[in-house]
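Understanding the architecture of this molecule
Here is how the chains run, residue by residue.
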Amino acid sequence: LRGFSSRGLGPTDADSRTVSNAMGGDAFFVAGAMLSRSIPLPEAREPGLLHALITSGAVRVHAFANAGNCIRARDGESVVAEVLSRLFLRVRASVGVGVAFSTPLGRAEINLCRPILSDAALGDRI
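This section reports on the structure supplied with the text. In this text the structure is predicted, and so the values were computed from the model without any measurement.

**Focus: helix α2 (residues 80-87)**
- Within α2, burial applies to Val83, Arg86 and Leu87. Angular distribution of buried residues about the axis of α2 spans 105°; they occupy a single face of the element.

Okay, structure coming up:
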């Protein structure tokens, strides 16, 4: 989930006294929304490579919002409704802006992100 550390969301090893270790989960969800547009630039008399890349749409700016959660099922918990209710009980979320580049290997992004819903008591790492 953007804005959180890798493996920074979900169940952790409670026995660790230093850094908690991610233990993985049995159920998770992620959702996201993004608005994107090309960068508007005025016409240049002598456009350079950077100007050409930007006006071609290969470089775009975007704003986004992401939400998600990861949980471990409790012993004996098999009813899907129980798991889903806990999954959506403590949703984590983040918002941000960034720049995306089209490359021959795929899309690359540079983002600034801010978590807006997190829970340090559950071991979330930002």
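**Quick word on the packing of aromatic side chains**
- For the structure shown, the criterion picks out one aromatic pair.
- Ring centres of phenylalanine 29 and phenylalanine 88 lie 4.5 Å apart, and the angle between their planes is 40°; on these two criteria the pair is classed as tilted. On the criterion of sequence distance, the pair formed by phenylalanine 29 in strand β1 (residues 27-38) and phenylalanine 88 in the loop between α2 and β3 (92-103) is long-range, its members being 59 residues apart.
- With relative accessibility at 16%, the residue phenylalanine 29 sits in the buried group.

**Considering the environment of leucine 87**
- Structurally, the position occupied by leucine 87 is in helix α2.
- Exposure remark for leucine 87: the relative accessible area of 3% places this residue in the buried category.
- Each C-alpha atom, one on leucine 87 and one on isoleucine 71, is 6.3 Å from the other, the two residues being 16 residues apart in sequence.
- Apart from the residues lying within four places of it in its own chain, the contact partners of leucine 87 are Ala27, Phe28, Phe29, Asn69, Cys70 and Ile71.

**Thoughts on the nonpolar core**
- By size, the foremost hydrophobic cluster in this structure holds five residues: Ala27, Phe29, Ile71, Val83 and Leu87.
- At the level of secondary structure, the elements contributing two or more residues to this core comprise β1 and α2.

**So, the pattern of salt bridges**
- Counted under the stated rule, the structure contains two salt bridges.
- Between glutamate 109 and arginine 2 there is a salt bridge, and its shortest N-O distance comes to 3.5 Å. With glutamate 109 in strand β4 (residues 106-117) and arginine 2 in the segment before β1, this residue pair connects regions lying 107 residues apart in the sequence.
- The closest approach of N and O atoms between arginine 107 and glutamate 109, which form a salt bridge, is 2.8 Å.
- Beyond isolated ion pairs, a larger network of salt bridges with shared partners links Arg2, Arg107 and Glu109.

What counts and what doesn't
Residue positions are counted from 1 within each chain, in the order its sequence is given. Given that this is a predicted model, residues contribute local features only at a pLDDT of at least 70 and side-chain atom pairs are listed and counted only at 80 or more, while totals for whole chains, interfaces and linings are drawn from all residues. Just so you know, side-chain values use all the structure's heavy atoms and leave hydrogens and water out. Exposure classes here rest on a 1.4 Å probe applied to the protein chains alone. A residue is buried below 20% of its type maximum, exposed above 50%, and partly exposed in between. Comment: elements are numbered from the N terminus, with helices defined as DSSP H or I runs of at least four residues and strands as E runs of at least two. The arc in question is the one traced by the directions running from the helix axis out to the C-beta atoms. Think of it this way: a Phe, Tyr or Trp ring, Trp meaning its six-membered ring, pairs with another when their centres are within 6.5 Å, and the plane angle makes it stacked under 30 degrees, edge-to-face over 60, tilted otherwise. The contact criterion used is simple: two residues touch if any of their non-hydrogen atoms lie within 4.5 Å. Each nonpolar core is a collection of buried residues, namely Ala, Val, Leu, Ile, Met, Phe, Trp, Tyr and Cys, held together in the definition by side-chain atoms within 4.5 Å. Every case where a carboxyl oxygen of Asp or Glu lies within 4 Å of a side-chain nitrogen of Lys or Arg is listed as a salt bridge.

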